[in-house]
Amino acid sequence: MGNRMVRRTVVFLIGILALGRGHAAFSEENPVVVIKTNLGEIKAELFAKEAPITTKNFLEYAKSGFYDGTIFHRVIDGFMIQGGGFDKNMRQKQTKDPIKNEAGNNLSNKKYTLAMARTSVPDSATSQFFINVADNDFLDRKHAQDGVGYAVFGRVIEGQEVVDKIAKVKTGIRAGMRDVPLETVVIEKVEVIENGQE
């Protein structure tokens, strides 16, 4: 069996395992990004097929440099870490127009998945995202109290220990907001390292 055949078989088996965990199947065509923070790097695969609007939106923000110097401004251990909207001085950045909520894509808010943050308005997500640090199925459309849910669009494939480290930082109140890390957790850059769509 040639190396190419072995590689395809391994990718196929990984896809089967991922589906079994309630995630989208791994695909070489899916974009991969590295979220570089002052506490380490997080590599994530984005689900381009299942969440095309959200993936495109995230990649546009990343490529434009929008995320550079933003922070994880809301951290709740046992729940999630949220970032991508505020600078180090807790000033909210100007964003593009909101996008359509893709929470109906049957992807679940399992531990280490990426999802879009939003207000109580279903189609209000812009740049802010969160990484689940627990299985938060209650955020899925089929379980959500508002009947809408939060759109999963990726999953962490490397750097889970960095996610866990961020989740454990001490938090407090800053600029009138709760659950803000007392020691700033900076997103230095979000780098697109692979993108089968280009």
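Refer to the preceding data block for the structure.
Residues numbered from 1 in each chain as written. Predicted model: local features only at pLDDT ≥ 70, side-chain atom pairs only at ≥ 80, totals over all residues. Heavy atoms only, no water.

(A) Region of the structure containing the overall build of the protein chain. In terms of regular secondary structure, the protein chain is built from three helices and 10 strands. Each of the 198 residues in the protein chain was classed as buried or not, and the buried ones make up 47%. Partitioning the contacts of the protein chain with sequence separation of at least 6, the portion at a separation of at least 24 is 68%. Surface exposure of the protein chain reaches about 10,200 Å², of which carbon and sulfur atoms provide 51%. (Helix = DSSP H or I, 4+ residues; strand = E, 2+ residues; numbered from the N terminus. Buried < 20%, exposed > 50% of the residue type's maximum accessible area, 1.4 Å probe, protein only. Contact = heavy atoms within 4.5 Å. Areas by Shrake-Rupley, 256 points an atom, 1.4 Å probe, with all protein chains shown as cover.)

(B) Just the nonpolar core, in detail. The biggest cluster of nonpolar side chains holds 32 residues, and the ones touching the most others in it are Tyr67, Ile81 and Phe129. Those residues within four positions of Ile81 in sequence are excluded, and the remaining contacts are Phe72, Arg74, Val75, Phe129, Phe130, Ile131, Val133, Val163, Ile166 and Ala167. (Core = buried A, V, L, I, M, F, W, Y, C linked by side-chain atoms within 4.5 Å.)

(C) Fine view of the pairing of strand 6 (residues 129-132). The two faces of strand 6 match: Phe129 and Ile131 on one face and Phe130 and Asn132 on the other face are all buried. Alignment of strand 4 (residues 80-87) against strand 6, held across four bridges, turns out to be antiparallel. Residue pairing in the sheet places Met80 in a bridge with Asn132 of strand 6. Pairing of strand 5 (residues 113-116) with strand 6 involves three bridges; the strand directions are antiparallel. (Pairing = 2+ DSSP bridges.)

(D) Spatial organisation of helix 3 (residues 160-167). Looking only at helix 3, the buried set comprises Val162, Val163, Ile166 and Ala167. Down the axis of helix 3, the buried side of the element spans an arc of 140 degrees, and every buried residue falls inside it. Of the surrounding secondary structure, the elements contacted by the buried residues of helix 3 are strand 1 (32-37), strand 2 (40-46), strand 3 (70-76), strand 4, strand 6 and strand 7 (152-158). (Arc of directions from axis to C-beta.)

(E) Structural view of the pattern of salt bridges. Applying the stated criterion across every chain, the model contains nine salt bridges. Connected through shared salt-bridge partners, Lys56, Glu60 and Lys96 make up one network. (Salt bridge = Lys/Arg side-chain N within 4 Å of Asp/Glu carboxyl O.)

(F) Fine view of the packing of aromatic side chains. Per the counting criterion, the structure on display carries 10 aromatic pairs. When the ring of Phe58 is compared with that of Tyr67, the centres are 5.2 Å apart and the planes differ by 35 degrees; the resulting orientation is tilted. The pair Phe58 / Tyr67 is uniform in exposure class, with both members buried. Judged by centre distance (5.7 Å) and plane angle (85 degrees), the ring pair of Phe66 and Tyr67 falls under edge-to-face. Of the two residues, Phe66 and Tyr67, neither departs from the other in class, the shared state being buried. An aromatic cluster is defined as three or more aromatic residues linked by ring pairs; in this entry it consists of Phe58, Tyr61, Phe66, Tyr67, Phe72, Phe129 and Phe153. Here Lys96 stacks its cationic end above the ring of Tyr61, 4.5 Å away from the centre of that ring. Positioned over the ring face of Tyr150 is Arg118, at 4.2 Å from the centre of the ring. (Phe/Tyr/Trp six-rings, centres within 6.5 Å; stacked < 30°, edge-to-face > 60°. Lys NZ or Arg CZ within 6 Å of the ring centre and 35° of its normal.)

(G) Region of the structure containing the side chain of Thr113. Within the secondary structure, Thr113 is located in strand 5. Within the structure, the side chain of Thr113 is placed 2.6 Å from the backbone oxygen of Lys110, a separation counted as a polar contact. Side-chain polar atoms of Thr113 contact the side chain of Asn132, separated by 2.9 Å. (Polar contact = N/O pair within 3.5 Å; in protein donor to acceptor, adjacent residues only side chain to side chain.)

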